[in-house]
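Analysis of the macromolecular model
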Amino acid sequence: MDTRKVSQMGLLIALALVLSYIEAQIPAFVAIPGIKVGLANIVVVFALYRLGAKEAVTISLLRVLLASLMFGSVLSLAYSFAGALLSLLGMVLLKRTKLFGSVAVSVVGGVLHNLGQILTACIVLDTNVVVYYLPFLILSGTIAGVVIGLLSSLILNRLDYAREKDSHCDGKHREEDLNKGNFKEK
Amino acid sequence: MSDCSRGRLLRDACLVLFFLVLSVVLIFVIRSREGTGSKVVVAVEGVEIGSYPLSVDGRYVLNGGSNVLCIEDGSARMVDANCPDKLCVKQGTVRYTNQCITCLPNKLTVTVVGGDDSVEIVL
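Residues numbered from 1 in each chain as written. Chains lettered and ligands numbered in written order. Predicted model: local features only at pLDDT ≥ 70, side-chain atom pairs only at ≥ 80, totals over all residues. Heavy atoms only, no water.

1. Observations regarding the interface of chain B and chain A
- On the chain A side, the residues contacting the 34 residues of chain B number 39 residues.
- Overall, the association of chain B and chain A removes approximately 3200 Å² of surface from exposure, summing both partners, and the carbon and sulfur fraction of that is 71%.
- Applying the counting rule to chain B against chain A returns eight residue pairs in polar contact (both at pLDDT 80 or more).
- Among the elements of the structure, α1 (6-32), α2 (87-90), β7 (100-103) and β8 (108-113) of chain B are those that each provide at least two residues to the side of chain B that touches chain A.
- With 13 residues, α1 of chain B is the largest single contributor of residues to the side of chain B that touches chain A. (Contact = heavy atoms within 4.5 Å. Buried area = accessible area lost by both parts, 1.4 Å probe. Polar contact = N/O pair within 3.5 Å; in protein donor to acceptor, adjacent residues only side chain to side chain. Helix = DSSP H or I, 4+ residues; strand = E, 2+ residues; numbered from the N terminus.)

Dropping the structure here:
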């Protein structure tokens with residue numbers, strides 16, 4: 001792992017933590033536990049598209065660990081960890097198919113995150129009554145996923161534009177990069 | 001952008017629509033299976049610690065004081081909890097079977113059970 005990547009990932013983890021902190025300040029507006037926008041997922045989706053699957057997984061899991069230590073509890077760590085793992089798995093696989101855009105990827109991420117949390121709740125509470133919340137959590141995961149997906153694609157597009165203006169690279173190069181779908185530095 | 005090609009946009013929209021329809025259908029399925037509840041069962045980590053009839057008004061201190069349950073006019077609601085977010089209090093009232101109030105920090109669930117047997121007609 002080169003220095004550039006280390007600093008890039010450090011920056012992204014810090015950004016994700018700031019977003020987690022901002023989100024923790026927003027009071028819960030719906031009574032069902034687990035419903036939120038998941039602002040930090042913008043960073044994860046960005047990393048997934050611009051750095052790669054391994055980097056996105058690392059950033060997401062470190063973010064969950066650090067955020068739970070700082071703003072949460074041991075129990076919230078278990079919920080978030082299960083949600084993050086399941087959602088990362090779904091997002092990476094869905095992106096691999098190359099059939100869907102970032103909105104669908106982030107929607108699947110949001111829904112699976114909530115599913116992971118419900119499954120954890122089933123184990124922790126040792127009951128299946130929480131399945132009652134499933135439809136509401138699918139709904140909220142979808143809406144949150146659309147919001148995060150749109151925001152991410154906005155950011156991805158703008159950063160590409162900024163980078164294009166910045167690097168003065170010729171059209172051919174850029175075309176190549178676009179086709180490959182990544183912007184790794186040479 | 002390659003990310004916004006028409007095919008992907010369409011498939012994205014289909015996927016979003018699929019999840020929206022799925023959740024609405026599931027909400028209707030759950031709603032249709034709800035019956036009139038006769039009592040609430042309180043459980044901590046899946047172990048039942050008490051049950052209270054919905055027909056009797058009352059105020060119950062649960063789980064050594066972590067939560068306070070209030071039953072009024074055939075419906076139950078959490079009126080107090082010792083956790084910071086108080087999500088269980090915000091969850092409002094439950095009265096139909098399978099509806100539940102969940103308090104994740106205290107690992108406590110309140111579930112409405114027993115439907116039709118509450119209206120037993122003795123001939």
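2. Here we look at the confidence of the model for chain A
- Here chain A averages 85 in pLDDT, and 85% of its residues register 70 or above.
- Across chain A, helix α2 (residues 41-50) of chain A holds the top mean pLDDT of 94, while helix α7 (residues 171-180) of chain A sits lowest at 56. (pLDDT = per-residue confidence, 0-100.)

3. Considering the state of the cysteines
- All told, the structure shown has zero disulfides over all chains when counted by the stated rule.
- Residue Cys-103 of chain B stays outside any disulfide, its sulfur separated by 4.1 Å from that of Cys-88 of chain B, the closest cysteine. (Disulfide = S-S within 2.5 Å.)

4. Section: the pairing of strand β4 (residues 67-72) of chain B
Residues and elements named next belong to chain B.
- Counting buried residues along β4, five of its six residues qualify, which places the element largely inside the surrounding structure.
- Pairing of strand β3 (residues 58-62) with β4 involves five bridges; the strand directions are antiparallel. Bridging from a neighbouring strand, Gly-58 pairs with Ile-71 of β4.
- In this antiparallel pair of consecutive strands, β3 and β4, the connection spans four residues, and Asn-63 shows a positive phi of 55 degrees.
- Examined bridge by bridge, β4 and strand β5 (residues 75-81) share six bridges and lie antiparallel to one another. Bridge pairing links Cys-70 to Arg-77 in β5.
- From the end of β4 to the start of β5, which pair antiparallel, there are two residues, and Asp-73 there has a positive phi angle of about 50 degrees. (Buried < 20%, exposed > 50% of the residue type's maximum accessible area, 1.4 Å probe, protein only. Pairing = 2+ DSSP bridges.)

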